[in-house]
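# Structure assessment
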Amino acid sequence: MSDVYSASGSRYDRMPYRRSGRSGLLLPALSLGFWHNFGDNGNPENMRAMMRTAFDLGITQFDLANNYGPVYGRAEENAGRILAMDFAPYRDELVITSKAGYDMWPGPYGDHGSRKYLLASCDASLRRLGLDYVDIFYHHRPDPDTPLEETIEALLQIVRSGKAIYAGISNYPADRAREAVRIAGEIRLPLVVNQLRYNMIDRKIEEDGTIRACAEGGLGIAVFSPLAQGLLTGKYLDGIPAGSRMARDGRYLHRDALTDKKAAAIRRLDHIAQERGQKLTDMALAWLLGKPEVTTVIIGASRPEQITENARCLENLRFSDEELKEIDAAAAFLKD
Ligand SMILES: NC(=O)c1ccc[n+]([C@@H]2O[C@H](COP(=O)([O-])OP(=O)(O)OC[C@H]3O[C@@H](n4cnc5c(N)ncnc54)[C@H](OP(=O)(O)O)[C@@H]3O)[C@@H](O)[C@H]2O)c1
């Protein structure tokens, strides 16, 4: 790999950009997530190649969090090093996010949703990333024990101090999201997005009203685990490939995740994809991008080739009513 990176001149030719909720912020249809493969167990050259590949495809959003690793914080450090080497001329073309909300450091102030935790964690993330500001700073998960006013006001302080441009929430279900939007409106916080798990076989946010709450509140939706951590590539249907997430990291994707029923549903979905002349992976991403409430789909990758492959989903984003019904039926079969 060349030591000097010059971004592809065609990087904006294919990627659609969508406004996040009612904000002015445009996010790429596909974003790159740093949850896995950017920690101590990753290869630095591979990380650099993934970031370059993504940006060359128009993937302008890099999604991080304080605790992405292993060890906690390492993904931000590795991303920060590569941002300094390759992306300094492109800082204004990038949306870089971070989050706080899960356990990060020992003691009572390194977890949940207090002002004390969020302010300290944002400063620590900026130090690791080597940045003056992130574009979106998220509260990573709801905290039932901290008044929501305190959490949302902490996000406002972070934005007002110039350490983030926009604020986000993540894993907030309908009622908490509505409440967050109400408070943000009162204090004029630019709360632009809720980051949520959603894919063809995990419809929870459709069913519990969270999508509707976000749409009504003017929040964009950033989808995570769009491929159900790899299950929706079909790669686990004939065993567990060496080097895959399930083989490497049973903590997040345990081998029990692929039940016989899930495998049958995935086979049905694979058949629908084949009929469309598309790979299952591409159909899974395209299906999400067909939802008007979805702003961006955050993909994870262990190799640059996966990012290039996944971007091919953009070539066919159209679904017939019949195909959509069949996809819904395959997902519903999981519940029978
Ligand atoms: N806010 C939150 O609470 C939260 C929670 C989870 C994730 N996130 C964000 O969302 C991002 C994406 O989540 P995710 O990693 O679960 O997404 P995902 O897209 O569902 O799964 C990504 C994994 O699938 C496999 N894969 C992807 N493309 C493939 C291809 N073309 N062929 C074969 N395998 C392929 C790779 O795993 P292997 O190659 O290693 O098998 C890859 O690491 C995270 O990085 C993070 O930024 C946020």
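Before reading further, recall that the structure is shown in the block above.
Residues numbered from 1 in each chain as written. Predicted model: local features only at pLDDT ≥ 70, side-chain atom pairs only at ≥ 80, totals over all residues. Heavy atoms only, no water.

## Comments concerning the site of the ligand
Spelled out, the test is: When we say a residue is near a molecule or strand, we mean one of its heavy atoms is within 4 Å of it. Side-chain atoms alone can form a polar contact between residues adjacent in sequence; in general such a contact is a pair of N or O atoms within 3.5 Å, and within protein one must be able to donate a hydrogen while the other accepts it. Surface exposure here means Shrake-Rupley accessible area, sampled with a 1.4 Å probe, where a residue is shielded only by the protein chains that are shown. Strands are runs of DSSP state E lasting at least 2 residues, helices are runs of H or I lasting at least 4, and numbering of each runs from the N terminus.
The full set close to the ligand counts 32 residues, and D63, S225, K235, R245 and S302 are the nearest of them. Within the backbone of F34, one N or O atom sits 3.3 Å away from an oxygen atom of the ligand. Note that an oxygen atom of the ligand is positioned 3.4 Å from one of the side-chain N or O atoms of H140. Contact with the protein chains removes 95% of the 910 Å² of surface that the ligand exposes when unbound. Ranked by residue count, the leading element in the shell around the ligand is helix 11 (residues 304-311), at three residues.

## Some points on the pairing of strand 8 (residues 191-197)
Looking down a regular strand, the side chains alternate between one sheet face and the other. Convention followed: The rule is simple: take the accessible area with a 1.4 Å probe, protein chains only, and divide by the maximum for that residue type; under 20% is buried, over 50% is exposed, in between is partly exposed. Two strands are counted as paired when DSSP detects at least two bridges linking them.
Most of strand 8 is tucked away, with six of its seven residues classed as buried. Here strand 7 (residues 164-170) pairs with strand 8 via four bridges, running parallel. Looking across to strand 8, one finds that A167 is bridged to L191. With five bridges joining them, strand 8 and strand 9 (residues 220-224) adopt parallel strand pairing. Looking at strand 9, one finds that N194 is bridged to I221.

## Points about a negative patch on the surface
Our working rule: Residues enter patches when their relative accessible area tops 30% and they take part in no salt bridge; the joining distance is 9 Å for like charges and 5 Å for the nonpolar side chains Val, Leu, Ile, Met, Phe, Trp and Tyr. The term salt bridge refers to a pairing of a side-chain nitrogen on Lys or Arg with a carboxyl oxygen on Asp or Glu at a separation within 4 Å. Counted as positive: Lys and Arg. Counted as negative: Asp and Glu, with His and the chain ends omitted from the count. For charged residues, the charge sits on one atom: NZ in Lys, CZ in Arg, CG in Asp, CD in Glu.
Taken together, the side chains of E275, D321, E322 and E326 define an acidic patch exposed on the protein surface. Sorting elements by how many residues they give to the negative patch places helix 12 (residues 321-333) first, with three residues. Secondary-structure assignment places E275 in helix 9 (residues 260-276).

No statement about biological role is implied by the geometric values presented.
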